[in-house]
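# Residue-level structure breakdown
Chain by chain, the residues:
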Amino acid sequence: MKIININKADWNTGLKKTADGYRLIGPVMDQGFYLFKPLESGKVPDMGFTNTRLSAKGIIYPQSQTLFNYSLDPNREDHHLLTEPEDAHQLTVVIGIRPCDAAAFVQVKRNFDAPDYQDPYWLSAYENTVLVGLACDQPGSTCFCTTAGGGPYHEDALDVLLVDEDDQYLARVVSEKGAAFLAKAGWTETADNDLVMKTIATRKEAAENRISSTIKTNNLADAETMAIYDAPFWDDVAFACINCGTCTYLCPTCWCFDIQDETHGMSGQRMRSWDSCMFPLFTLHGSGHNPRGQKVQRVRQRFMHKLKYYVDKYEAGIQCVGCGRCVDQCPVNIDIRKVCELMNNAGKQSVTCAA
Amino acid sequence: MAHMGVESERIHFSWVSSAESTKFVRVVNEVTEAVRALGPNRRFVKSHGLDRQSYDEKAA
Amino acid sequence: MIGYIDKIKQISKQILEDCKVDMVIGFRRGTVPMMNEPCVAKTEDDVDQFVWDGHCGINLANYLMGRKEKIGIVAKGCDTRNIVTHIIENKIDRDQLYIIGVPCKGMIDRRQVNNRFEGVREVIDQGDTVKIIGADFEEKLDKTDLLQSNCATCTHPNPVIHDELVGDPVEVPTDIDQWADVRKIEAMSTEDKWGYFDDLLKECIRCYACRNACPLCYCPTCFVDESTPQWVGKSQDPIDVRTFHFLRAFHCAGRCTDCGACERACPVGINMRVFTQKLEKDCYDLYGWEAGLTTDVRPPLDTYRADDPEEFIK
């Protein structure tokens, strides 16, 4: 695999060169935490972050998105036509995305790019996005990517993986899309040699060793669904939950949405916004019946979906990349690592007690 | 409302009995004049969806 | 504050053993620094996992609504004020409750600690000081410098109702201006006020953690979830976001105890207390009312008195 050496002195000028072909997005510190924001007019990404407070999912799948506009006003030329918003997804590059957030796109893609149905909005955004990842040398204390199918140097889901090595970035070129972006920035100095490979391997191992948190998922796939569903621990797990949407909105792999028309006079638009299985409204039927009317049912659904239904349906592991955001930000400290342990143990023939 | 940044001159409370027709006229006139003096409300108006330009034209 | 836990456990075990209650609501040790998890103990063994320190900021009154059991509850000053509000609003019966009152010295602001220190691994409340341990550092700070902002200006740290207290009442500070932040906003121009709240709410993701962490927000269907009619749009439109925060605060007028649960719960660090504090201040200025201090007086917003201020009506 090709490795490009980017001197940090050339970093900002290179990024600037790409601005006329790409919309640049990168981590920015504001109000005490990092978020991915458009890097307008020469703003540079701040690469000194552990992880952004919100995941990168909103770049491809915005929290609120207009699907189309419409008007019934006969005076308008486009009346009774559905028109797409003008700012349909432009070619975008995400600088500094963590390997976990990128891996999440692969998991989410299974839903938005299914054999029977392909979501045109998500897919066009995904195809028009270049993921320039930043290897994670200082993972957080709640990160558990290495046991969630990824790792701090995991590059499969990326287009480029940047490794921060003193005054340079070593850029592993993973895809054509990534190569094109690097060329546009004028970064062409190849550095394919054993020494560089060894440096990356050493750093990778050190980073993996810094991940102190782990989960076990080995029994989930073979477990009886109902054995976990009916397990006795759900009331205790759910007691503290306040049914807010923090975990689902911060999660890079949660994909559920709600569709609404907003009408103003004769015109309007159809929008979709993130929704959350934590909200009672999520499952409320038109009849007034709610199949998940109780808190414990909603909490169970979230974990069952991530750690059992998804596992069974796609046979590609759990729907979680181990970024730790829900653990860090849950207002009442419900911890997916703990719940995963309970579920994994419930899947065993002889149930052993969780620590 | 005023605390949030809506002009306090837009906010009026009055108690008008069904027998107080002259007071009713006075209050309506006062409210209308006060709001007209401020011009169109630009806060607390959703900008998307509503065609802003035609909204402004209407308001002018 | 540190010594409280033995007493909390002892009382909890006793009332469970005496069948005075079916369950006790308290806190157990969390899995991340500065987070304890609300939990319920139904047996004396369950009680052994209870903890108490400066990381018990969640308002446990939130877990009482609509429950039919007899409940023991560990409650700080603000929690008891919300319990009083629940009793007034018929959400729970006083006879159902055994209140284990905790005189409170304030809760640690985890956001502030995480902003000031990178990679915090453990935070130990040592009473007057707080020890902060990271991967490669250890710091000791005065607790008063790390308090949640509502705790720093708290005027009711002692439980207002209780069946038992776990310690002597703490000293109540008298020289505190609890509404300094509100005054700052009141002094702004209309233009600046609008901009201030625009900026305040710009990162809101409408997860409703503030609403759901609030013991006052117990409506079966919140106005933001109503669809016929739909009061508020569902998108991230700034006006919809603002409408949510603004109207929610109004629903808390005369009821809010400034317990700080909303601000503490927010994943993006918004201090939405500047809305509720304004209403709290107005209730005090207009009606001399502080919420949740007594079950004997009806709150100002559900009573009429001939001398209610009415200067705003022209």
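Since we're looking at a predicted model, the values are computed, not measured. (Residues numbered from 1 in each chain as written. Chains lettered and ligands numbered in written order. Predicted model: local features only at pLDDT ≥ 70, side-chain atom pairs only at ≥ 80, totals over all residues. Heavy atoms only, no water.)

## Some details on helix 1 (residues 21-38) of chain B
Relative to the 26 Å expected for 18 residues at 1.5 Å per residue, helix 1 of chain B spans 26 Å between its end C-alpha atoms, a close match to the ideal helical length. Looking at the residues trailing helix 1 of chain B, positive phi occurs at B:G39, about 85 degrees. (Helix = DSSP H or I, 4+ residues; strand = E, 2+ residues; numbered from the N terminus. Expected span 1.5 Å × (residues − 1).)

## Examining the sheet that holds strand 9 (residues 257-264) of chain A
Whenever strands of a sheet pair, they do so through backbone hydrogen bonds, lying parallel or antiparallel. Residues and elements named next belong to chain A. With antiparallel pairing, three strands are arranged side by side in an open sheet as 4-10-9. What marks the edges here is a single partner per strand, and that holds for strand 4 (64-71) and strand 9. Pairs of neighbouring strands in the sheet enclose a mean axial angle of 20 degrees, with direction left out of account. Bridge count for strand 4 against strand 10 (residues 267-274) is seven bridges, and the pairing is antiparallel. Across the sheet, Y70 pairs through a bridge with G268, a residue of strand 10. (Pairing = 2+ DSSP bridges. Axes fitted to C-alpha atoms, helices over the stretch in contact; angles between N-to-C directions.)

## Regarding the interface of chain C and chain A
It is common to give the size of an interface as the accessible area lost on bringing the parts into contact. Taken residue by residue, the interface counts 40 residues in chain C and 45 residues in chain A. Both sides of the chain C and chain A interface together cover about 3300 Å² of buried area, and 50% of this is carbon and sulfur. For the interface between chain C and chain A, the tally reads four salt bridges. As a salt-bridge pair, A:K37 and C:E203 come within 2.7 Å of each other at their nearest N and O atoms. (Contact = heavy atoms within 4.5 Å. Buried area = accessible area lost by both parts, 1.4 Å probe. Salt bridge = Lys/Arg side-chain N within 4 Å of Asp/Glu carboxyl O.)

## A closer look at the confidence of the model for chain B
Across chain B, the average pLDDT comes to 81, with 77% of residues at 70 or higher. Scored below 50 in pLDDT, residues 49-56 of chain B shows 11 contacts in the model against residues more than four places distant or in partner chains. (pLDDT = per-residue confidence, 0-100.)

## A word on the pattern of salt bridges
Within the structure shown, the criterion is met by 46 salt bridges over all chains. In this structure, A:D312 and A:K308 form a salt bridge, with 3.2 Å as the shortest nitrogen-oxygen distance. Here A:D312 pairs with A:K308, and both are found in helix 10 (residues 295-314), just four residues apart, close to one helical turn. C:D282 is the partner of C:K278 in a salt bridge, and the nearest nitrogen-oxygen pair spans 3.2 Å. Here C:K278 pairs with C:D282, and both are found in helix 11 (residues 273-287), just four residues apart, close to one helical turn. In this structure, a network of salt bridges that share partners links the residues C:E186, C:K278, C:K281, C:D282 and C:D285.

## What to know about the packing of helix 9 (residues 238-251) of chain C against helix 11 of chain C
A packed helix pair is summarised by two numbers, namely the angle formed by the two axes and the spacing between the axes. Residues and elements named next belong to chain C. In contact at an axis separation of 9 Å, helix 9 and helix 11 are set at 35 degrees when each is read in the N-to-C sense. The interaxial crossing formed by helix 9 with helix 11 has right-handed handedness. Along its contact with helix 9, which presents H245, F246, R248, A249 and F250, the element helix 11 presents F275, T276 and L279. (Left-handed = near helix turned anticlockwise from the far one by under 90°.)

## Digging into the side chain of B:K46
Examined against the element boundaries, B:K46 turns out to sit in the loop between helix 1 and helix 2 (52-59). Engagement of the side chain of B:K46 in a polar contact is seen with the side chain of A:E262, the distance being 2.9 Å. Engagement of the side chain of B:K46 in a polar contact is seen with the side chain of C:D240, the distance being 2.7 Å. In this structure, B:K46 is in contact with A:E262, C:G233, C:D237, C:I239 and C:D240, ignoring residues within four places of it in sequence. (Polar contact = N/O pair within 3.5 Å; in protein donor to acceptor, adjacent residues only side chain to side chain.)

## Section: the environment of A:Q168
All names here are of chain A. Structurally, Q168 can be placed in strand 8 (residues 168-173). Q168 gets classed as partly exposed once you look at its relative accessible area, which sits at 22%. In this structure, the C-alpha to C-alpha distance between Q168 and L35, residues 133 residues apart in sequence, is 24 Å. Discounting chain neighbours no more than four positions away, the residues touching Q168 are N5, I6, N7, K8 and V163. A polar contact of 3.0 Å, which involves the side chain of Q168, links it to the side chain of N5. (Buried < 20%, exposed > 50% of the residue type's maximum accessible area, 1.4 Å probe, protein only.)

## Focus: the pairing of strand 2 (residues 36-41) of chain C
In summary, the side chains of a regular strand alternate between the two faces of the sheet. Residues and elements named next belong to chain C. Burial of strand 2 is extensive: six of the six residues sit out of reach of the surface. One ladder, built from six bridges, connects strand 1 (residues 23-29) with strand 2; its direction is antiparallel. Across the sheet, R28 pairs through a bridge with E37, a residue of strand 2. Two successive antiparallel strands, strand 1 and strand 2, enclose a turn made up of six residues, where M34 displays a positive phi of approximately 65 degrees.

## So, the nonpolar core
Within the largest apolar cluster, 158 residues are counted, with the highest numbers of intra-cluster contacts made by A:W234, A:M343, C:W52 and C:I83. Among the elements that take part in this core, helix 10 of chain A stands out by supplying seven residues, more than any other. Looking at which domains feed residues into this core, each of domain 1 (3-210) and domain 2 (225-346) of chain A gives three or more. In this structure, A:I6, A:V173, A:F181 and A:W187 belong to the second largest nonpolar core, which totals 25 residues. (Core = buried A, V, L, I, M, F, W, Y, C linked by side-chain atoms within 4.5 Å. Domains from an automatic or database assignment.)

## Regarding the side chain of C:Q178
All names here are of chain C. Mapped onto the elements of the fold, Q178 is located in the loop between strand 8 (164-165) and helix 6 (180-186). In this structure Q178 comes out as buried when scored by relative accessible area, which is 15%. Those residues in contact with Q178, other than ones at most four positions away along the chain, are T153, T155, Q277, E280 and E290.

## Some remarks on the sheet that holds strand 3 (residues 71-75) of chain C
Residues and elements named next belong to chain C. On the basis of which strands lie adjacent, the open sheet formed by five strands has the order 2-1-3-4-8 and mixed pairing. Strands with a single pairing partner mark the edges of an open sheet, and in this sheet they are strand 2 and strand 8. As judged from the five bridges shared by strand 3 and strand 4 (residues 97-101), these two strands associate in the parallel manner. Note on strand 4: the bridge partner recorded for V74 is I100. Most of the contacts of helix 1 (residues 4-17) go to strand 4, to which it runs at about 165 degrees, and overall it touches strand 1, strand 2, strand 3, strand 4 and strand 8.

## So, the pairing of strand 6 (residues 129-134) of chain C
Residues and elements named next belong to chain C. As defined by bridge partners, strand 5 (residues 120-125) adjoins strand 6 across five bridges and the pair is classed as antiparallel. When the sheet's bridge partners are listed, D125 is paired in strand 6 with V130. As consecutive antiparallel partners, strand 5 and strand 6 are separated by three residues, and within that stretch G127 has a phi angle of approximately 100 degrees, a positive value. Sheet topology places strand 6 next to strand 7 (residues 138-142); five bridges connect them, and they run antiparallel. By the bridge assignment, I133 is partnered in strand 7 with E138. The hairpin turn running from strand 6 into strand 7, its antiparallel successor, is three residues long.

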